[in-house]
Amino acid sequence: SQQGEEDPQALSIQEGENATMNCSYKTSINNLQWYRQNSGRGLVHLILIRSNEREKHRGRLRVTLDTSKKSSSLLITASRAADTASYFCATDERQAGTALIFGKGTTLSVSS
Amino acid sequence: DVKVTQSSRYLVKRTGEKVFLECVQDMDHENMFWYRQDPGLGLRLIYFSYDVKMKEKGDIPEGYSVSREKKERFSLILESASTNQTSMYLCASILGGGPEAFFGQGTRLTVV
């Protein structure tokens, strides 16, 4: 079962602009994570937000979580060309323990 | 540094061959996962394992099996490779309490 669904599927912006990606999920979760994938490589963990948190920051990243709407957003401020990558949200379905379920991802392209 | 290593970056196999994809982690993690990634479909969970000799089916286990004889190694087996198994395969591991996943660099498998 695909848990997270990212929106938009693709996003193109200029350097310096902010990029916002959204994720919706279906079932109750313990936490939600965001991962980044450079082209053709493995995924790298960016940030985690727990179900009892509403907002979290890490450098230029800001994540929000709205459990009532079962949605999260990832904001990258002052984007750089190096931010070009695919971004995935991942949730842990409570029934499945630590199995992470990923969405389809948002492909971000930042041009200089 | 945390490391998850997949045995091959690129692999080309013939239809009907038995294929082994190997994944090794050096972090003493209990949980290990195999995903496949296809354009437009995101990451889909094939199998996961939460302990040695234990395995659980993910969302798309058909045509695959797994083996976990040692804690650090999780193998994905394609019993009889087919062209629809051409994909990027990603291995990941998580410490017992979770939640952050560490990924290998991926294996791009082509079945001809």
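Note that the structure is a prediction, hence the values are computed from the model and not measured.

1. A closer look at the overall build of chain B
From N to C terminus, chain B includes zero helices and 11 strands. A compact globule built from 112 residues would reach a C-alpha radius of gyration of about 13 Å, and chain B, at 13 Å, matches this within 12%. Dimensions of chain B, computed from C-alpha atoms along their principal axes, come out at roughly 40 × 25 × 25 Å. When burial is assessed residue by residue, chain B has 49% of its 112 residues classed as buried. Of all intrachain contacts in chain B linking residues separated by at least 6 positions in sequence, the fraction that spans at least 24 positions is 55%. In the form shown here, chain B has an accessible surface area of approximately 5,300 Å², with 50% of it arising from carbon and sulfur atoms. Both charge centroids of chain B, one from 15 positive and one from 15 negative side chains, sit 7 Å from each other.

2. Observations concerning the interface of chain A and chain B
Reports often express the size of an interface as the amount of accessible area lost when the parts come together. Listed by partner, the interface residues are 21 residues for chain A and 24 residues for chain B. Interface area for chain A against chain B, summed over the two sides, is near 1,700 Å², with a carbon-plus-sulfur share of 54%. At the junction of chain A and chain B, the tally comes to zero salt bridges. For the side of chain A that touches chain B, the secondary-structure elements that each account for two or more residues are β4 (29-37), β5 (43-50) and β10 (100-102) of chain A. Element by element, the count of residues in the side of chain A that touches chain B is highest for β4(A), at four residues. Its residues assigned to classes, the side of chain A that touches chain B comprises nine nonpolar, 10 polar and two charged.

3. Concerning the sheet that holds strand β8 (residues 73-78) of chain B
All names here are of chain B. With respect to topology, four strands assemble into an open sheet ordered β1-β3-β8-β7, the strand pairing being antiparallel. Two strands in the sheet have a free side with no partner beyond their single neighbour: β1 (4-6) and β7 (64-70). Going across the sheet, the axis of each strand differs from the next one's by a mean of 20°, ignoring polarity. One ladder, built from three bridges, connects β1 with strand β3 (residues 19-25); its direction is antiparallel. When the bridges of β3 are listed, V4 appears paired with Q25.

Cut-offs and rules
- Residues numbered from 1 in each chain as written.
- Chains lettered and ligands numbered in written order.
- Predicted model: local features only at pLDDT ≥ 70, side-chain atom pairs only at ≥ 80, totals over all residues.
- Heavy atoms only, no water.
- Helix = DSSP H or I, 4+ residues; strand = E, 2+ residues; numbered from the N terminus.
- Rg over C-alpha atoms; globule rule 2.2 N^0.38 Å.
- Buried < 20%, exposed > 50% of the residue type's maximum accessible area, 1.4 Å probe, protein only.
- Contact = heavy atoms within 4.5 Å.
- Areas by Shrake-Rupley, 256 points an atom, 1.4 Å probe, with all protein chains shown as cover.
- Lys, Arg positive; Asp, Glu negative; His and termini not counted.
- Charge placed at Lys NZ, Arg CZ, Asp CG, Glu CD.
- Buried area = accessible area lost by both parts, 1.4 Å probe.
- Salt bridge = Lys/Arg side-chain N within 4 Å of Asp/Glu carboxyl O.
- Nonpolar A, V, L, I, M, F, W, Y, C, P; charged D, E, K, R; others polar.
- Pairing = 2+ DSSP bridges.
- Axes fitted to C-alpha atoms, helices over the stretch in contact; angles between N-to-C directions.

Don't take any of this as a statement about function, it's just geometry.
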